[in-house]
Amino acid sequence: QRQNANLLERFERLEGGRSTCNVGLLGYTYDTQHDGMTATTETDSGQLAEIAFTKKQNNTLLRLSYSSSIRTFGSGTAGRWYFQIDGQECSSPETIDIGLYQGQTTNTHMPAYLTGGCSATSAGRIGAGNHTITVHVGQLTDHRTTDAHSGWVTLSFLEVQEICPPF
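I will try to describe carefully the structure that is included in this document.

About the cut-offs
Within any chain, residue numbers begin from 1 and follow the written order of that chain's sequence. Residue-level local features of this predicted model are given only where pLDDT is at least 70; pairs of side-chain atoms are given and counted only at 80 or more, and the full residue set underlies all totals for whole chains, interfaces and linings. To get the side-chain values, all heavy atoms of the structure are used, and hydrogens and water are removed first. Numbered from the N terminus, helices here are DSSP runs of H or I no shorter than four residues, and strands are runs of E no shorter than two. Burial classes: relative accessible area under 20% of the type maximum marks a residue as buried, over 50% as exposed, and values in between as partly exposed (1.4 Å probe, protein chains only). Reported accessibility uses the Shrake-Rupley method at a 1.4 Å probe radius. Residues are deemed covered only where the shown protein chains occlude them. Pairing between strands is defined by DSSP: at least two bridges between them are needed. What counts as an axis is a line fitted to C-alpha atoms, over the stretch in contact for a helix, and the angles between N-to-C directions run from 0 to 180 degrees. Contacts described as polar in this section are N or O atom pairs within 3.5 Å, which, within protein, must combine one atom able to donate a hydrogen with one able to accept it, while residues neighboring in sequence count only if both atoms come from side chains. Throughout, disulfides are identified as pairs of cysteine sulfur atoms within 2.5 Å of each other.

A few words now on the overall build of the protein. Across its full length, the protein carries one helix and 12 strands. The buried share among the 167 residues of the protein stands at 42%. As displayed, the protein offers around 8900 Å² of accessible surface, 47% of which is attributable to carbon and sulfur atoms.

Below is the structure:
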């Protein structure tokens, strides 16, 4: 607890004063077209889902979560699932993504849960105000992407939470 108190004190000095924080779930969406196999998104590269929301405070962290089933099909193929905030990937503390490599030609759909925290993108700190979170699928570095699927026979969801310091 002492360590958390020290972190909060340092954070408050950086932010210029004591913070009062009362935030939580800002947005939630799920696949409303879910009816078995028709819920599959066969996008090899592009946007899968989005949430528009209003961030309440400047000094908070966004916790992003996406759950679905994923797969790539074909020997030596791969895919990358990742978040963007207002069209930019998270840069602080790090990029939030997962990769899937398929070494053999099998048709295995796997459950995936992509989650992480973000306070800034290459455009700067994510301040209070209106923002959009999107989930994308695309190429994993140095691998070819082919026949990526997201959401096969599962209920996919995307969620954004605002987290108070210390984090």
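Having seen the structure, we can now continue with the description.
With that out of the way, let us pick up the sheet that holds strand β4 (residues 77-85). In spatial order, the strands read β2-β10-β4-β6; together these four strands make up an open sheet with antiparallel pairing. Single-partner strands in this sheet number two, and they are β2 (46-55) and β6 (97-102). Averaged over all pairs of adjacent strands, the angle between their axes in this sheet comes to 10°, without regard to strand direction. Inspection of the sheet shows β4 paired to β6 by six bridges, in the antiparallel sense. Bridged to Arg-80 within β6 is Gly-99.

It is worth spelling out the side chain of Thr-60 at this point. In this fold, Thr-60 is placed in the loop between β2 and β3 (61-71). By relative accessible area, Thr-60 is classed as buried at 1%. For Thr-60, the side chain forms a polar contact with the side chain of Glu-162, separated by 2.6 Å.

This model, assessed by the stated rule, comprises one disulfide. Here Cys-90 connects covalently by a disulfide to Cys-118, the sulfurs 2.2 Å from one another. With the S-S dihedral at roughly 110°, the linkage between Cys-90 and Cys-118 falls on the right-handed side. Note that Cys-90 is positioned in strand β5 (residues 90-92) and Cys-118 in strand β7 (residues 110-118), a separation of 28 residues in sequence. Across this residue pair, the class does not change: Cys-90 and Cys-118 are buried.

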